[in-house]
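The chain contents come next:
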Amino acid sequence: ATLVAFNANLSAVFSEAMAPLTISSTTFKLAAGLTAVPGAVTYVGVTATFNPTADLAPNTLYTATLTTGAKDLANNSLAAAHIWTFTTGPVPDSLEPSVTSTVPADDASNVAVASNILAIFSEAMDPLTITLESFSVQQLGILVPGAVTYANVTATFNPTSPLAPNTTYTATVTAAATDLAGNPLTNNYVWNFKTGATPDTTRPMVLTTVPADLAVGVALNTNVTATFSEAMDPLTLTTATFSLKKGLVAVVGALTQTGSSMVFNPSVDLSPNTLYTATVNTLAKDLAGNALLVDYVWTFTTGAALDAIRPTVILTSPLDLATFVPLSSTVNATFSESMDPLKITTATFLLAGPGITKVIGTVQYNVLAKTATFTPQVALLPNTLYTATVTTGAMDLAGNGLLADKVWTFTTGATPSGMLPVDLGSLTTFVAVAGAGLTNSNSSGVTVLNGDVGLSPTGSCLGDGSPCTLTNPVINGTLYVNDPEGVAAKAKVDLVAAYVDAMARPVGTTVNDISGMVLAPGVYTSGSTMSIAVGGTVTLDGKGDANAVWIFQIGSSLTVNNNARVLLINGARAKNVFWAAFASTTLGSNVEFQGNVLAGASNSVGTDSVVVGRLLCTTGKITLLSNTITLPSL
């Protein structure tokens, strides 16, 4: 690391609890050249902290060492000394830390009664200040008994017993929490959530990885990430639960985690033209203690070069100079490549209002969409100019930062407005868009696509590499396959923007199985999966409003089982129904489905199912079986 504040402490996070008496100034050392730096060592949870007696020298290279004298509770020593270097900068750290995000989110509902509560910070904190005095949970002013732990940049409150069902709780992180330079939070951070009626028994899954499975030509200086279907217990995501191997040899590195994302940073660059195997094992658990069902394993092959390309912000929402922006809006920035989730925080994504007043809010990074979302803690002010900034501290997985700060402005409207439909941009004429082509089987009939089709970068319509035609499937529109004009590529960009728009709307009513429900216009949210049971019907009631909008925010996958249907009544229109799924969507056989599907990975449709709407997916393919897919009427 470079430009490290010279008034900061050092911290090291272990893969398991250590014997405190073995974590001392004799096993945790700091030196400038051959000169030892005096200081005090403390140990809390799984984190050791070295506090120099005096500020470090500016613009100086330091070497930190953890010796094999450090032992775990079973008296096992480190396999080898852990050594790392860093260079101080010319100025001290005077920037206050902030809470970047929380789990559960503010105003979340249906929270599992046995879940832990997380506060994720914008930078590393002093573990000695993350205690029950600085992080508490209460209900009607009565403190909830529990324990507080800290690892990486995450504080975890673990209630002594399950929370009460159907109850509202308030969590607070106070200004007693300080960073490693002693800077406190500017203000207390307070949020509320409401529990559901049942415990969480759903196992977490790995949804996506970077590099992807079987990726080739991977940059030698990249980090490795895994994104889970839900927030994970930071104490269970360590080098004991994740491994990266070159053959049988484990790669040494540091693992950090925030929310549902994990990042592994190898100590040295990877070897060129080499096959690596990454594994997340079943010791990894979610906040309710549910573990992965099986080990998740993927492989990738490096190339011969380093990644020196800087990321850019390719899309913002609201757009620069936008006007009449709804007061309930979130602010979004989409990047040109995968970013380091730990570098997308309230320290690197800022929103300011009148008089350069900092807006308090949280920041989330969606790995699949490559999008950061800033959610203000309270609604924006009417008729007000706001300035959003993504700083050069936002970095990609190779450590490359933006070349310059990305700054844009927008102006809010006068009053809160009714919910607008998701902006589809150039997608209005498309019935299908996919990143990995179509897999189409006409064994029991003909598949018909009534609208334009865009395929980029893979253009197969059969799944076997065969070129697309207008007869297999039948395409009653224009087929764009990596066309010279870039229409298919533009459709993919607009798909990402539409997905970001849908997921950025304020969280709505929590739902999972929507079978048998009659739903009024609005936002419906599931942190994991959403489904319609076999033969089930969900009814969308427009209540006489032809402009009524439904947005379904799905944290994982959508499953519509055989013979199910989506029924629109009282003016509801398919064009105003949006199903945004982080992963994939699966429609069974003989399904009657309506609305626009915005999927991060893939779309699958069973035999003889009919869709009025759009099938759109970013990275995967669309699988069809004798279906009719028709654009909704305008």
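For clarity, every value in this text was computed on a predicted model and none was experimentally measured.

Asks: Give a description of the overall build of the protein chain that names residues and reports values.
Replies: Of regular secondary structure, the protein chain possesses one helix and 54 strands. Expected size for 634 residues packed as a compact globule is a radius of gyration near 26 Å; at 25 Å, the protein chain falls within 12% of this value. Projected onto its principal axes, the C-alpha coordinates of the protein chain cover approximately 75 × 60 × 45 Å. Here the protein chain holds 634 residues, and the buried ones make up 52% of them. Excluding contacts between residues fewer than 6 apart, the proportion of contacts in the protein chain whose partners are at least 24 apart in sequence is 65%.

Asks: Explain the sheet that holds strand β51 (residues 603-605) residue by residue, including any values.
Replies: The six strands are arranged β35-β53-β51-β49-β46-β43 in an open sheet whose pairing can be described as parallel. Each edge of the open sheet is held by one strand with a lone partner, namely β35 (438-441) and β43 (530-532). Neighbour-to-neighbour, the strand axes of the sheet open up by a mean angle of 5°, direction not taken into account. Bridge count for β43 against strand β46 (residues 558-560) is three bridges, and the pairing is parallel. The residue of β46 that forms the bridge with isoleucine 532 is valine 560.

Asks: Outline the layout of surface pockets, supporting the account with residue identities and numerical values.
Replies: By volume, the second largest pocket amounts to about 1100 Å³. Lining the second largest pocket are 41 residues, with Val210, Ser338, Leu368, Lys370 and Thr619 sitting closest to its centre. Grouping the amino acids of the lining of the second largest pocket by side-chain chemistry returns 24 nonpolar, eleven polar and six charged.

Asks: Any details on the packing of aromatic side chains? Residues and values, ideally.
Replies: All told, the structure shown has 20 aromatic pairs when counted by the stated rule. Here tyrosine 62 and phenylalanine 86 contribute two aromatic rings whose centre-to-centre distance is 5.8 Å and whose plane-to-plane angle is 15°, an arrangement assigned as stacked. Linking tyrosine 62 in strand β6 (residues 61-66) with phenylalanine 86 in strand β7 (residues 82-87), this pair joins segments that are 24 residues apart in sequence. Judged by its relative accessible area of 4%, tyrosine 62 is buried. Between the aromatic rings of phenylalanine 242 and tryptophan 298, the centroid separation amounts to 6.2 Å while the plane-to-plane angle is 40°, which identifies the pairing as tilted. Of this pair, phenylalanine 242 sits in strand β20 (residues 242-246) while tryptophan 298 sits in strand β25 (residues 296-302); the two residues are 56 residues apart in sequence, bridging distant segments of the chain. In this structure phenylalanine 242 comes out as buried when scored by relative accessible area, which is 2%. Judged by its relative accessible area of 1%, tryptophan 298 is buried. Of the aromatic side chains, those joined through ring pairs into one cluster are Phe135, Phe157, Tyr189 and Trp191.

Asks: Please provide a residue-by-residue account of the nonpolar core, values included.
Replies: Core analysis: the biggest nonpolar cluster contains 43 residues, and Leu540, Trp550, Phe552, Trp579 and Phe593 have the highest contact counts within it. Setting aside residues up to four positions removed in sequence, phenylalanine 593 forms contacts with Leu558, Val560, Val566, Trp579, Leu587, Val610, Val611 and Val612.

Asks: Please give an account of the pattern of salt bridges that cites residues and values.
Replies: For the coordinates displayed, the defined rule picks out two salt bridges. One salt bridge in this structure joins aspartate 494 and lysine 490, with 2.7 Å as the shortest N-O distance. Remark: lysine 490 and aspartate 494 occur in helix α1 (residues 487-504); sequence separation between them is four residues, near one turn of the helix. On the accessibility criterion, aspartate 494 (11% relative accessible area) is buried. Under the relative-accessibility criterion, lysine 490 is labelled partly exposed at 43%.

Asks: Kindly report on empty space enclosed by the protein, identifying the contributing residues and their values.
Replies: Enumeration over the complete set of coordinates arrives at one cavity of 30 Å³ or more. For the largest cavity, the full set of lining residues is Asn366, Leu368, Ala369, Leu495, Val496, Tyr499, Phe582, Gly600 and Thr618. Partitioning the lining of the largest cavity into residue classes produces six nonpolar, three polar and no charged.

Asks: Give me the sheet that holds strand β32 (residues 385-390): which residues, what numbers.
Replies: Reading across from one edge, β27-β33-β32-β29 is the order of the four strands in this open sheet, with mixed pairing throughout. Each of the sheet's edge strands pairs with one partner strand only, and the pair in question is β27 (322-325) and β29 (349-352). Across the sheet, the axes of successive neighbouring strands diverge by a mean angle of 25°, strand direction being ignored. Bridge analysis of β29 against β32 gives four bridges, and the strand direction is antiparallel. Its bridge partner being in β32, leucine 351 is matched across the sheet by alanine 388.

Asks: Describe the environment of arginine 614, with residues and values.
Replies: Within the element layout of this structure, arginine 614 appears in strand β52 (residues 610-617). What makes arginine 614 buried here is its relative accessible area of 3%. For the pair arginine 614 and isoleucine 629, spaced 15 residues apart in sequence, the C-alpha separation works out to 7.3 Å. Excluding anything up to four places from it in sequence, arginine 614 contacts Leu424, Leu427, Thr428, Phe430, Val431, Gly595, Asn596, Val597, Leu631 and Pro632. Within the structure, arginine 614 has its side chain in polar contact with the backbone oxygen of phenylalanine 430 (distance 3.1 Å).

Asks: Could you give an account of unusual backbone geometry, naming the residues involved and the relevant values?
Replies: In this model, valine 210 is joined to proline 211 through a cis peptide bond whose omega is 0°. Here the bond from serine 317 into proline 318 is cis, since omega is 0°, no more than 30 degrees from zero. Structurally, proline 318 can be placed in the loop between β26 (313-317) and β27. For asparagine 59, which is not glycine, the phi dihedral falls at a positive 50°. Inspection of the secondary structure assignment puts asparagine 59 in the loop between β5 (47-52) and β6. A relative accessible area of 54% means that asparagine 59 is categorised as exposed. Phi at asparagine 75 takes a positive value of approximately 75°, unusual for a residue other than glycine.

Asks: So what about the environment of asparagine 116? Which residues, and what values?
Replies: Position of asparagine 116 among the secondary structure elements: in the loop between β9 (108-111) and β10 (117-121). Judged by its relative accessible area of 8%, asparagine 116 is buried. Taking the C-alpha atoms as reference points, asparagine 116 and leucine 244, 128 residues apart in sequence, are found 28 Å from one another. In this structure asparagine 116 touches Val103, Thr156, Phe157, Asn158, Pro159, Asp233 and Leu287, once residues within four positions along its chain are discounted.

About the cut-offs
Residues numbered from 1 in each chain as written. Predicted model: local features only at pLDDT ≥ 70, side-chain atom pairs only at ≥ 80, totals over all residues. Heavy atoms only, no water. Helix = DSSP H or I, 4+ residues; strand = E, 2+ residues; numbered from the N terminus. Rg over C-alpha atoms; globule rule 2.2 N^0.38 Å. Buried < 20%, exposed > 50% of the residue type's maximum accessible area, 1.4 Å probe, protein only. Contact = heavy atoms within 4.5 Å. Pairing = 2+ DSSP bridges. Axes fitted to C-alpha atoms, helices over the stretch in contact; angles between N-to-C directions. 1 Å grid on protein atoms, 1.4 Å probe; cavity = no way out; pocket = protein on both sides within 12 Å on 5 of 7 lines; lining within 4 Å. Points joined across faces, edges and corners; volume = space filled by probe spheres on them. Nonpolar A, V, L, I, M, F, W, Y, C, P; charged D, E, K, R; others polar. Phe/Tyr/Trp six-rings, centres within 6.5 Å; stacked < 30°, edge-to-face > 60°. Core = buried A, V, L, I, M, F, W, Y, C linked by side-chain atoms within 4.5 Å. Salt bridge = Lys/Arg side-chain N within 4 Å of Asp/Glu carboxyl O. Polar contact = N/O pair within 3.5 Å; in protein donor to acceptor, adjacent residues only side chain to side chain.

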